[in-house]
Amino acid sequence: MNILKRDNWWIWLLLLFFSNSTSILVLGALVDVYDKDAWYAKWQYWVIGLLLFVFPFFIMFAVFQIEILCKTCAKLKVDGKELYLSPYIWILLFIIPIFGWILLVVMFIYLNIMYVIELKRGSGEKYIK
């Protein structure tokens, strides 16, 4: 059973709800979005973030998760790639109080729902090995 088949979209929906959206890290590995030269591949950054109390580590993990979510959605051809792939949009939404924060949550929910919909449409089948 290959988990990227069109018929298995409901597994990703269940993983989305029960894994607190960390299943995107597995999906990112399946569609090959990880870069070995990126900042998240350097173990030194993670150790420094963990040693400087725990707060920077969780911020780094949140940024890592959003970055992998955006790259995975771009590979699965989710609409709006120009918006969600721009780091300036995410930073701007984080800085603007209330209205920006609401849009930040809306964009995060949109991406989480749309990758499941794209898997249901069959966008993940071309990454089956």
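To start, this report covers the structure provided alongside it. Bear in mind the structure is a predicted one, so any value in this text is a computation, not a measurement.

Right, let's talk about the nonpolar core for a bit. Core analysis: the largest hydrophobic core is formed by 31 residues, its most contacted members being L27, Y84, L111 and Y115. Contributing elements (two or more residues each) for this core: α1 (9-18), α2 (23-30), α4 (55-75), α6 (87-95) and α7 (99-121).

Within the structure shown, the criterion is met by nine aromatic pairs. A centroid spacing of 5.8 Å and a plane angle of 80° characterise the contact between W39 and Y40, whose relative ring orientation is edge-to-face. For W39, a relative accessible area of 27% puts it in the partly exposed group. Between Y40 and F64, the ring centres sit 5.1 Å apart and the planes meet at 50°, which makes this aromatic pair tilted. Pair noted here: Y40 is in the loop between α2 and α3 (43-51) and F64 is in helix α4, with a separation of 24 residues, a long-range link. Overall, Y40 belongs to the buried group, its relative accessible area being 9%. A connected cluster of aromatic rings, assembled from ring pairs, spans Y34, W39, Y40, W46, F57, F58, F61 and F64.

Let us look at the layout of surface pockets. Its volume calculated, the largest pocket comes out at about 620 Å³. Lining of the largest pocket is provided by 16 residues; of these, A62, V63, I66, W90 and L104 occupy positions nearest its centre. Residues of the lining of the largest pocket, tallied by class, amount to 13 nonpolar, two polar and one charged.

Let us look at the packing of α1 against α7. With their axes 8 Å apart at the nearest point, α1 and α7 run at an angle of 165° to one another. The pairing of α1 with α7 is recorded here as roughly antiparallel in orientation. For α1 against α7, the interelement crossing comes out right-handed. Across the interface between the two elements, W9, W12, L13 and L16 from α1 touch N112, Y115, V116, L119 and K120 from α7. Tallied by class, residues from the contact of α1 with α7 come to seven nonpolar, one polar and one charged.

With that settled, the discussion passes to α4. With 21 residues, α4 ought to run about 30 Å at 1.5 Å a step, and its terminal C-alpha atoms sit 31 Å apart, in line with that. Buried-residue contacts for α4 involve α2, α3, α5 (81-84), α6 and α7.

Criteria and thresholds
- Residues numbered from 1 in each chain as written.
- Predicted model: local features only at pLDDT ≥ 70, side-chain atom pairs only at ≥ 80, totals over all residues.
- Heavy atoms only, no water.
- Core = buried A, V, L, I, M, F, W, Y, C linked by side-chain atoms within 4.5 Å.
- Buried < 20%, exposed > 50% of the residue type's maximum accessible area, 1.4 Å probe, protein only.
- Helix = DSSP H or I, 4+ residues; strand = E, 2+ residues; numbered from the N terminus.
- Phe/Tyr/Trp six-rings, centres within 6.5 Å; stacked < 30°, edge-to-face > 60°.
- 1 Å grid on protein atoms, 1.4 Å probe; cavity = no way out; pocket = protein on both sides within 12 Å on 5 of 7 lines; lining within 4 Å.
- Points joined across faces, edges and corners; volume = space filled by probe spheres on them.
- Nonpolar A, V, L, I, M, F, W, Y, C, P; charged D, E, K, R; others polar.
- Axes fitted to C-alpha atoms, helices over the stretch in contact; angles between N-to-C directions.
- Parallel < 35°, antiparallel > 145°, perpendicular 65-115°, else oblique.
- Left-handed = near helix turned anticlockwise from the far one by under 90°.
- Contact = heavy atoms within 4.5 Å.
- Expected span 1.5 Å × (residues − 1).

Scope: geometric values only; no functional claims are made or implied.
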